[in-house]
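Here is how the chains run, residue by residue.
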Amino acid sequence: MKLNERSLAFYATCDAPVDNAGFLYKKGGRHAAYHRRWFVLRGNMLFYFEDVASREPVGVIILEGCTVELVEAAEEFTFAVRFAEARARTYVLAAESQAAMEGWVKALSRASFDYLRLVVRELEQQLAAMRAGGCPPPPRRPRALLPKENGCAVWSAEPPAASTGTSAGARPGPERPPLPPRRRASAPNGPLDSASFLQLHEWYGQEVRALRGQWLRSRAQP
């Protein structure tokens, strides 16, 4: 993959909001020493700089086809970004606290386009179930960090085990908003399959806001 260095430098330092940023200790490729670097996550690109004031990144990691794992190392709060290719480099990073490490692991695990495709697919399934008059499937949420096994714990996005049954004497919750009428799953400007993630997010948000407003108006009537 060919990347334009000037375009990358501009994207890395532009004023647009970042997905995550902070100091991490990066292990050298040929040496065992760790170097403190300023990391900036934008989309599926993880940039690292000499310090906060640097105007050009030292390097960039493209977060596609990789997994984020906790590893045993001399440094505390260490994790690694591993790629599936045999000759690909493994990036070993260390955070400054447990909370910072968990935040980085979550952000990096969700940075790839493959993860966004899964999110869009689940949103489409939930919307189709709502339009068909059924209950949408529960959203899949990543579990907490797993305990280390054999010195390594892989971040997993599988849903936790569902709780069965309800507590005795529990009060019923508030009335649910009305379900939308049955209709074809079509978008305002074309089929859902060809829509971008931002378009899907905006369309779903508009429909949810409209349904919520309708429900609030029905509850306000005497």
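Model, not experiment: these values are computed from the prediction.

**Considering the overall build of the protein**
Then, in step 1: When helices and strands are counted, the protein shows four helices and eight strands.
Then, in step 2: Listing every helix and strand of the protein by position from the N terminus yields α-β-β-β-β-β-β-β-α-α-β-α.
Then, in step 3: Evaluated residue by residue, the protein yields a buried proportion of 29% over its 222 residues.
Then, in step 4: Of the contacts formed within the protein by residues at least 6 apart in sequence, a portion of 47% connects residues at least 24 apart.

**Considering the nonpolar core**
Then, in step 1: Among the nonpolar cores identified, the biggest contains 20 residues, and Leu41, Leu46, Leu63, Phe79, Trp104 and Leu108 are the most heavily contacted of them.
Then, in step 2: Listing elements by their share of this core, those giving two or more residues are strand E2 (34-42), strand E3 (45-49), strand E5 (66-71), strand E6 (78-83), strand E7 (91-94) and helix H2 (98-109).
Then, in step 3: Setting aside residues up to four positions removed in sequence, Leu46 forms contacts with Phe39, Val40, Leu41, Gly59, Val60, Ile61, Leu63, Leu93, Trp104 and Leu108.
Then, in step 4: One finds Ala12, Val40, Met45 and Phe49 within the second-largest nonpolar core, a separate group that totals six residues.

**Some details on the pattern of salt bridges**
Then, in step 1: A full pass over the atoms with the stated rule returns four salt bridges.
Then, in step 2: As a salt-bridge pair, Glu50 and Arg37 come within 3.4 Å of each other at their nearest N and O atoms. With Glu50 in the loop between E3 and strand E4 (59-62) and Arg37 in strand E2, the pair connects residues that are 13 residues apart, well separated along the chain.
Then, in step 3: Classification of Glu50 as partly exposed rests on a relative accessible area of 43%.
Then, in step 4: Residue Arg117 pairs with Asp114 through a salt bridge whose shortest N-O separation is 2.5 Å. One end of the pair, Arg117, and the other, Asp114, are both in helix H3 (residues 113-131), three residues apart, so they sit about a helical turn from each other.
Then, in step 5: The exposure class of Asp114 is partly exposed, given its relative accessible area of 41%.

**Description of the pairing of E5**
Then, in step 1: Bridge count between E5 and E6: five bridges; the pairing is antiparallel. Counted as the bridge partner of Glu69 is Ala80 from E6.
Then, in step 2: Between the antiparallel neighbours E5 and E6 lie six residues, among them Phe77 with a positive phi of about 55°.

**Re the side chain of Ser54**
Then, in step 1: Tracing the backbone shows Ser54 in the loop between E3 and E4.
Then, in step 2: At 3.0 Å, the side chain of Ser54 forms a polar contact with the side chain of Asp51.

**What about the packing of aromatic side chains?**
Then, in step 1: Evaluated as defined, the whole model comprises four aromatic pairs.
Then, in step 2: Centre to centre, the rings of Tyr11 and Phe47 are 6.0 Å apart; their planes meet at 65°, and the pair counts as edge-to-face. Of this pair, Tyr11 sits in helix H1 (residues 5-13) while Phe47 sits in strand E3; the two residues are 36 residues apart in sequence, bridging distant segments of the chain.
Then, in step 3: Ring centres of Phe23 and Trp38 lie 4.9 Å apart, and the angle between their planes is 70°; this geometry places the pair in the edge-to-face category. Remark: Trp38 occurs in strand E2 and Phe23 occurs in strand E1 (residues 20-27); sequence separation between them is 15 residues.
Then, in step 4: In this structure Phe23 comes out as partly exposed when scored by relative accessible area, which is 24%.
Then, in step 5: Above the plane of the ring of Phe23 lies Arg36, whose end atom (NZ or CZ) is 3.7 Å from the centre.

**A look at the side chain of Glu69**
Then, in step 1: Take Glu69: it is sitting in strand E5.
Then, in step 2: The exposure class assigned to Glu69 is buried, which follows from its relative accessible area of 12%.
Then, in step 3: There is a polar contact of 2.7 Å between the side chain of Glu69 and the side chain of Arg82.

The rules we used
Residues numbered from 1 in each chain as written. Predicted model: local features only at pLDDT ≥ 70, side-chain atom pairs only at ≥ 80, totals over all residues. Heavy atoms only, no water. Helix = DSSP H or I, 4+ residues; strand = E, 2+ residues; numbered from the N terminus. Buried < 20%, exposed > 50% of the residue type's maximum accessible area, 1.4 Å probe, protein only. Contact = heavy atoms within 4.5 Å. Core = buried A, V, L, I, M, F, W, Y, C linked by side-chain atoms within 4.5 Å. Salt bridge = Lys/Arg side-chain N within 4 Å of Asp/Glu carboxyl O. Pairing = 2+ DSSP bridges. Polar contact = N/O pair within 3.5 Å; in protein donor to acceptor, adjacent residues only side chain to side chain. Phe/Tyr/Trp six-rings, centres within 6.5 Å; stacked < 30°, edge-to-face > 60°. Lys NZ or Arg CZ within 6 Å of the ring centre and 35° of its normal.

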